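The residues making up each chain are set out below.
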Amino acid sequence: YNEAVDVMTAVGVFDGMGGEFNPDGTLTREQAAKIITYMLMGKDNADKLTTTIAPYDDVAAGRWSAGSIAYCTNEGILSGMGNNKFAPTDNVTGLQFAKMLLVALGYDAEIEEMVGDSWAINTSKLAIAVGLDNGMEDVALSGALTREQAAQMAFNATKSPMVEYSSKGTTIEVNGATVTFGAQ
């Protein structure tokens, strides 16, 4: 993962932890939010994000990651764990990070069915189709993601085009299930 780590560190998306990159360390949910925010806004602009209201019960407004978590939540890139909790220090899985990257690239989570009971398989299929897993042989996306693996996925995302829908289609509800058709 050397190239991905070098590039993502050089452009300021990843930084070290106390001066060390810690490649084998696992990525946390709040670190993932910060990385996504840096990718979308650039480090300088992302570092200016603040919030006066705690985005979740377990993320104080003054926490170092609160601005990024609030931004990513507002943009639909991530959500909490239920009961207004975010679990900022929990490990992020490859599937969770892939979904964040895909939504950051412009994919609509509802249209692409990255929500509900089938979110994991649909996220996996789309992540593989887009190439987020390129260079990551022998990595189970269902497991905790290391920092170097996250750098590889983020690097792969920079090679993917942004997605814009010319039409988000029509959504109907049938027997409690929401179906979207005609998205382009």
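Given the structure is predicted, the values throughout are model-derived calculations rather than measurements.

For any pair of aromatic rings, the description rests on two quantities: the centre-to-centre distance and the angle between the ring planes. Scanning the model with the defined rule gives one aromatic pair in all. Arginine 29 extends its terminal NZ or CZ atom over the ring of phenylalanine 86, reaching a point 4.2 Å from the ring centre.

Once that is clear, we can look at the side chain of aspartate 108. Relative to the helices and strands, aspartate 108 resides in the loop between α5 (94–104) and α6 (119–130). The class of aspartate 108 is buried, set by a relative accessible area of 17%. There is a polar contact of 2.9 Å between the side chain of aspartate 108 and the backbone nitrogen of glutamate 110.

One non-glycine residue with positive phi stands out, namely alanine 87, at about 60 degrees. Note on placement: alanine 87 falls in the loop between α4 (66–74) and α5.

Here we come to the nonpolar core. Counting residues in hydrophobic clusters, the biggest one holds 49 residues, and the most contacted among them are Phe14, Ile36, Phe97, Met100, Leu132 and Met153. Elements with a contribution of two residues or more to this core: α1 (2–10), α2 (29–41), α4, α5, α6 and α7 (147–158). A total of eight residues in this core trace back to one element, the largest contributor, which is α5.

Time to look at α7. An α-helical turn contains 3.6 residues, so any two residues separated by three or four positions project in the same direction. Under the 1.5 Å per step criterion, the end-to-end length of α7 is 17 Å for twelve residues, consistent within 8% with the ideal 16 Å. Burial analysis of α7 places ten of its twelve residues in the buried class, the great majority of the element. Taken together, the buried positions of α7 are Arg147, Gln149, Ala150, Ala151, Gln152, Met153, Ala154, Phe155, Asn156 and Ala157.

So, about the confidence of the model for the protein. Scored by pLDDT, the protein has a mean of 88; 91% of the residues are at 70 or more. The element-level mean pLDDT for the protein is lowest in strand β2 (residues 177–181), coming to 66, with α5 highest at 96.

Procedures and definitions
Residues numbered from 1 in each chain as written. Predicted model: local features only at pLDDT ≥ 70, side-chain atom pairs only at ≥ 80, totals over all residues. Heavy atoms only, no water. Phe/Tyr/Trp six-rings, centres within 6.5 Å; stacked < 30°, edge-to-face > 60°. Lys NZ or Arg CZ within 6 Å of the ring centre and 35° of its normal. Helix = DSSP H or I, 4+ residues; strand = E, 2+ residues; numbered from the N terminus. Buried < 20%, exposed > 50% of the residue type's maximum accessible area, 1.4 Å probe, protein only. Polar contact = N/O pair within 3.5 Å; in protein donor to acceptor, adjacent residues only side chain to side chain. Core = buried A, V, L, I, M, F, W, Y, C linked by side-chain atoms within 4.5 Å. Expected span 1.5 Å × (residues − 1). pLDDT = per-residue confidence, 0-100.

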